[in-house]
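Overview (structure and organization)
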2 protein chains.
Amino acid sequence: MGKLLIVGTVAFDAIETPFGQTDKVLGGAATYIGLAASNYNVESAIVSVVGEDFPQEYLDLFTQRNIDTSALEIVPGGKTFFWKGKYHNDLNVRDTLATELNVLADFKPVVPENFKDADIVMLGNLHPQIQLDVIAQMTEKPKLIVLDTMNFWMEHTWDLLKEVIAKIDVLTINDEEARQLTGEYSLVKAAAKIQEMGPEYVVIKKGEHGALLFKEKNVFFAPALPLEEVFDPTGAGDTFAGGFSGYLAQSGNIGFENLKNAIIHGSNLASFCVERFSTERMEGVERDEIAQRLHQFKELTQFDIEL
Amino acid sequence: MGKLLIVGTVAFDAIETPFGQTDKVLGGAATYIGLAASNYNVESAIVSVVGEDFPQEYLDLFTQRNIDTSALEIVPGGKTFFWKGKYHNDLNVRDTLATELNVLADFKPVVPENFKDADIVMLGNLHPQIQLDVIAQMTEKPKLIVLDTMNFWMEHTWDLLKEVIAKIDVLTINDEEARQLTGEYSLVKAAAKIQEMGPEYVVIKKGEHGALLFKEKNVFFAPALPLEEVFDPTGAGDTFAGGFSGYLAQSGNIGFENLKNAIIHGSNLASFCVERFSTERMEGVERDEIAQRLHQFKELTQFDIEL
């Protein structure tokens with residue numbers, strides 16, 4: 001059983017899609033990562049911050065899923081980070097209607113003693129200074145540091161972000177952001193440029209069009225599972241990251257062939273996440289459903305051409 | 001060695017991409033289909049029409065590739081179909097600058113006697129009346145009739161197109177057109193609706209995002225090969241159709257498992273097509289390059305998760 005350290009937001013989301021809307025519900029990168037990773041045989045902890053308004057039932061949810069919350073700081077009198085967004089009919093497009101940093105504005109992460117030797121560190125989308133602070137606290141070099149980020153940090157904290165990217169092993173980023181980061185339209189060229197910045201592996205996420213894994217001249221592709229209904233894409237990328245890092249923490253093997261498996265596991269879990277609002281589906285997903293859908297991924301992609 | 005009957009345009013194209021432009025060069029759906037299929041062990045013929053302006057060297061090209069041109073009508077004094085298009089920086093978007101039907105306007109297809117029992121009929125994008133006329137001339141029921149079409153025919157000749165769709169076995173169509181045809185955003189639902197219209201198989205082409213194959217509840221996905229450079233996407237969909245139908249004509253097996261292989265073969269050849277203007281790359285592609293790239297497709301998609 002490997003140790004997985006998860007860093008990222010724990011948040012309230014309010015979501016509007018063409019199919020309905022929610023009031024404040026459970027959200028945040030670390031939340032989705034943690035829930036996804038809890039489907040694997042791992043010891044995990046979340047480093048994050050919430051306000052006093054954060055319900056006990058959500059904390060209990062983490063504990064029930066065997067996620068260590070001792071480093072999930074609760075700020076007395078503080079308000080939890082809040083994000084409000086609206087998806088278009090084309091669910092690939094969304095507008096952010098509100099972002100309230102609240103307690104996140106002054107957050108100083110503290111890695112728990114017993115996770116300073118974590119095997120895998122999963123840095124969810126967050127201010128790069130927080131990501132740097134976490135890396136600096138690790139007493140043993142992790143097998144793999146995975147970083148997820150987005151265009152906001154490229155535009156506002158580029159120097160810091162570059163510093164983080166130089167220290168990590170896997171960057172996960174979406175296709176448009178990979179293009180923006182490198183000035184290359186071709187994702188093959190973009191991935192090569194990103195590898196020059198530090199990470200050995202680059203994962204380019206293309207939403208409903210799947211994800212690409214690059215290492216030097218090696219490329220692997222995991223499709224998204226074609227679904228009858230996509231209800232709410234919120235958290236799909238984080239769930240992908242959680243499946244990816246959770247599987248790797250469980251297996252302990254960080255070779256290219258096993259990273260292929262990891263992005264299939266990530267895509268597999270993401271296919272559940274989008275079927276309901278918020279974390280609803282991820283809270284209820286069963287082990288046999290996960291195995292059944294991995295089987296669908298095999299059917300979807302495996303062929304038998306003799307060469 | 002199976003028999004493959006190819007119906008579609010043989011044309012002049014003038015193409016502008018961000019990387020350069022061409023004067024009138026060889027183009028047309030049947031041209032790309034024929035060249036792609038000639039990489040397989042098939043007996044093939046093109047049913048189409050050109051004008052007197054069509055160069056002998058292009059006719060010789062077909063003959064050298066063992067493509068029967070006895071049903072490629074040459075209209076004395078006529079002018080060959082001409083298409084002019086311009087691609088944006090995002091090569092998925094193109095504007096049609098000119099379409100001159102010329103000899104295509106009055107074309108009446110005649111299927112050669114020795115191809116009226118073809119194993120596979122590949123109906124490239126063309127007026128649905130021509131496609132119907134070809135089907136009516138077959139004296140033996142083909143193993144498989146494959147139809148490629150586009151939004152223009154949906155908008156202008158819907159009743160005729162519906163008639164063709166009811167008579168075929170495989171529809172290949174792009175994602176936007178599948179949505180337009182069915183009113184369903186989900187490609188899974190769109191494919192199910194199209195199957196109700198007649199075809200046993202539906203192939204949804206997503207350009208650089210790959211292609212999906214549907215039969216009842218079965219789904220298979222072939223990615224496009226991630227390339228460093230895409231130079232000119234013209235003919236990629238037709239080359240895909242040519243690889244698909246050529247491989248099936250060679251193998252003779254039209255079961256779902258073998259159709260998986262066929263869409264990999266189609267995607268494989270399409271990856272060459274886009275590397276140069278017009279048919280340049282497809283004219284020069286070698287057997288060992290094709291095999292080598294099929295190997296890349298395996299590396300790109302095959303994984304080893306025990307279930």
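Throughout what follows, the structure given in this document is the object of discussion. Quantities reported herein were computed from a predicted structural model and do not represent experimental measurements. By convention here, each chain's residues receive numbers from 1 onward along its written sequence. Written order determines the labels here, with chains lettered from A and ligands numbered from 1. For a predicted model such as this one, the threshold for reporting local features is a pLDDT of at least 70, and the threshold for listing and counting side-chain atom pairs is 80 or more; totals across whole chains, interfaces and linings nevertheless cover every residue. Here the side-chain values reflect all heavy atoms present in the structure, with hydrogen atoms and water set aside.

Comments concerning the environment of Asp-106 of chain B
Strands here mean DSSP runs of E at least two residues long; helices mean DSSP runs of H or I at least four residues long; both are numbered from the N terminus. Mapped onto the elements of the fold, Asp-106 of chain B is located in the loop between β9 (94-100) and β10 (120-123). Counting along the chain gives 124 residues from Asp-106 of chain B to Val-230 of chain B, while the straight-line C-alpha distance between them is 36 Å.

Brief notes about the packing of aromatic side chains
Working definition: rings of Phe, Tyr and Trp (its six-membered ring) pair if their centres are within 6.5 Å, and the pair is stacked with planes under 30 degrees apart, edge-to-face with planes over 60 apart, and tilted otherwise. Counting across every chain of the model gives 19 aromatic pairs over all chains. Grouped by ring-pair contacts, the aromatic residues Phe-12, Phe-54 and Tyr-58 of chain A constitute a single cluster. Note on criteria: charge over ring means Lys NZ or Arg CZ within 6 Å of the ring centre, with the direction from the centre no more than 35 degrees off the ring normal. In this structure, Arg-293 of chain A is placed above the aromatic ring of Phe-272 of chain A, and the distance from its NZ or CZ to the ring centre is 3.9 Å. Between the NZ or CZ atom of Lys-24 of chain B and the centre of the ring of Phe-82 of chain B, over which it lies, the distance is 4.8 Å.

Re the nonpolar core
In summary, soluble globular proteins display a tendency toward joint burial of nonpolar side chains. Core analysis: the largest hydrophobic core is formed by 230 residues, its most contacted members being Leu-5 and Leu-123 of chain A together with Leu-5 and Leu-123 of chain B. Here, two residues are considered to be in contact whenever any of their heavy atoms come within 4.5 Å of each other. The contacts of Leu-5 of chain B, once residues within four sequence positions are left out, are Ala-45, Val-47, Val-111, Pro-112, Phe-115, Ala-118, Ile-120, Val-121, Met-122, Val-134 and Met-138 of chain B. We call a set of buried residues a nonpolar core when its members are Ala, Val, Leu, Ile, Met, Phe, Trp, Tyr or Cys and they connect through side-chain atoms within 4.5 Å of each other. Exposure categories follow from relative accessible area, calculated using a 1.4 Å probe and restricted to protein chains: below 20% of the type maximum is buried, above 50% is exposed, and the middle band is partly exposed.

Considerations on the pattern of salt bridges
Salt bridges are defined by distance alone: a side-chain nitrogen of Lys or Arg within 4 Å of a carboxyl oxygen of Asp or Glu. According to the stated counting rule, one finds 28 salt bridges over all chains in the structure shown. Among the ionic pairs, Arg-179 of chain B bridges to Glu-208 of chain A, the shortest N-O distance being 4.0 Å. Of this pair, Arg-179 of chain B sits in helix α6 (residues 175-182) while Glu-208 of chain A sits in the loop between β13 (201-205) and β14 (211-215), each in a different chain. Lys-260 of chain A serves as the salt-bridge partner of Glu-257 of chain A, at 3.4 Å between the closest nitrogen and oxygen. Of this pair, Glu-257 of chain A and Lys-260 of chain A both sit in helix α9 (residues 256-273), three residues apart, which is roughly one turn of the helix. Taking the relative accessible area as the measure of exposure, Lys-260 of chain A reaches 2% and is therefore buried.

Some remarks on a negative patch on the surface
All names here are of chain A. Like-charged residues within 9 Å of one another, or nonpolar side chains (Val, Leu, Ile, Met, Phe, Trp, Tyr) within 5 Å, are grouped into patches, provided each residue has over 30% relative accessible area and no salt bridge. Per-residue and other accessible areas were derived by the Shrake-Rupley procedure at a 1.4 Å probe size, with only the shown protein chains allowed to occlude residues. In summary, the charge assignment counts Lys and Arg as positive and Asp and Glu as negative, without counting His or the chain termini. Note that the charge is assigned to NZ on lysines, CZ on arginines, CG on aspartates and CD on glutamates. A cluster of acidic side chains, namely Glu-57, Asp-60, Glu-280 and Glu-283, defines a negative patch on the protein surface. Residue assignment for the negative patch shows that the elements contributing at least two residues are α2 (56-64) and α10 (280-284). Secondary-structure assignment places Glu-283 in helix α10. Owing to a relative accessible area of 36%, Glu-283 belongs among the partly exposed residues under this scheme.

Quick look at the pairing of strand β5 (residues 42-51) of chain B
All names here are of chain B. Most of β5 is tucked away: nine of the ten residues are buried. DSSP bridges decide pairing: two strands pair if at least two such bridges lie between them. In the sheet, strand β1 (residues 2-7) pairs with β5 via six bridges, with the strands oriented parallel. Residue pairing across strands places Ile-6 opposite Ile-46, the latter belonging to β5. Summarising the sheet, β5 and strand β6 (residues 67-68) pair through two bridges and their orientation is parallel.

Thoughts on helix α8 (residues 236-251) of chain A
All names here are of chain A. Take the number of residues in a helix, subtract one, and multiply by 1.5 Å to get its expected span. Across its 16 residues, α8 extends 22 Å between first and last C-alpha, which sits within 8% of the 22 Å expected from 1.5 Å per residue. Counting buried residues along α8, 13 of its 16 residues qualify, which places the element largely inside the surrounding structure. Just past α8, the residue Gly-252 takes up positive phi, approximately 75°.

What about the side chain of Thr-149 of chain B?
Mapped onto the elements of the fold, Thr-149 of chain B is located in the loop between β11 (144-148) and α4 (151-156). When residues no more than four places from it in sequence are discounted, the contact partners of Thr-149 of chain B are Asn-125, Leu-161, Leu-171, Thr-172 and Glu-177 of chain B.

Let's talk about the side chain of Gln-195 of chain B
Within the secondary structure layout, Gln-195 of chain B lies in helix α7 (residues 187-196). Under the relative-accessibility criterion, Gln-195 of chain B is labelled buried at 15%.

Concerning the relation of the copies chain B and chain A
Between chain B and chain A, which share one sequence, the superposing operator has a rotation angle of 180° and an axial displacement of 0.0 Å; the RMSD is 0.0 Å. Taken together, the turn and the small shift mark the pair as related by a two-fold rotation axis. Comparing interface residues between copies, 100% of those in chain B also sit at the interface in chain A, which points to an isologous, same-surface contact. Residues below a pLDDT of 70 in either copy are left out; the C-alpha atoms of the rest, at least 70 in both, set the least-squares superposition of the copies.

What to know about empty space enclosed by the protein
Both site types are read off a 1 Å grid over the protein atoms alone. A 1.4 Å probe that fits but cannot get out defines a cavity, while an open set with protein on both sides within 12 Å along at least five of seven lines defines a pocket; lining residues have an atom within 4 Å of a point. Grid points are joined across faces, edges and corners, and a volume is the space filled by probe spheres set on the points. Enumeration according to the criterion identifies one cavity of 30 Å³ or more in this entry. Of the pockets and cavities examined, the largest cavity occupies roughly 30 Å³. Taken together, Phe-221, Pro-223 and Thr-301 of chain A together with Phe-221, Pro-223 and Thr-301 of chain B make up the full set of residues lining the largest cavity. Ten residue types, Ala, Val, Leu, Ile, Met, Phe, Trp, Tyr, Cys and Pro, are classed as nonpolar, four, Asp, Glu, Lys and Arg, as charged, and the remainder, Gly among them, as polar. Per-class residue counts for the lining of the largest cavity are four nonpolar, two polar and no charged.

Section: the packing of α6 of chain B against α7 of chain B
Residue and element names in this part refer to chain B. The convention used is that axes are lines fitted to C-alpha atoms, helices contributing only their stretch in contact, and that angles between N-to-C directions extend from 0 to 180 degrees. Running from amino to carboxyl end, α6 crosses α7 at an angle of 60°, the nearest separation of the two axes being 9 Å. Classified by the interaxial angle, the pair formed by α6 and α7 is oblique. Viewed along their axes, α6 and α7 form a crossing whose handedness is left-handed. Residues Asp-175, Ala-178, Arg-179, Leu-181 and Thr-182 of α6 touch α7, and the partners they reach there are Leu-187, Ala-190, Lys-193 and Ile-194. For the contact of α6 with α7, the per-class residue count stands at five nonpolar, one polar and three charged. Here the angle decides the label: under 35 degrees means roughly parallel, over 145 means roughly antiparallel, 65 to 115 means roughly perpendicular, and every other value means oblique. Crossing handedness is read from the near helix: turned anticlockwise from the far helix by less than a right angle, it gives a left-handed crossing, and turned clockwise, a right-handed one.

As for the pairing of strand β11 (residues 144-148) of chain A
All names here are of chain A. Where burial is concerned, most of β11 is hidden: five out of the five residues are buried. With burial as the criterion, each face of β11 is covered, one bearing Leu-144, Val-146 and Asp-148 and the other bearing Ile-145 and Leu-147. When strand β10 (residues 120-123) meets β11, the two strands line up parallel, connected through four bridges. Following the sheet pairing, Met-122 is matched in β11 by Val-146. Note on handedness: a crossover is taken as right-handed if, strands pointing away from the viewer, the path from the first strand over the helix to the second is clockwise. This β-α-β element, β10 to helix α3 (residues 128-137) to β11, shows right-handed connectivity.

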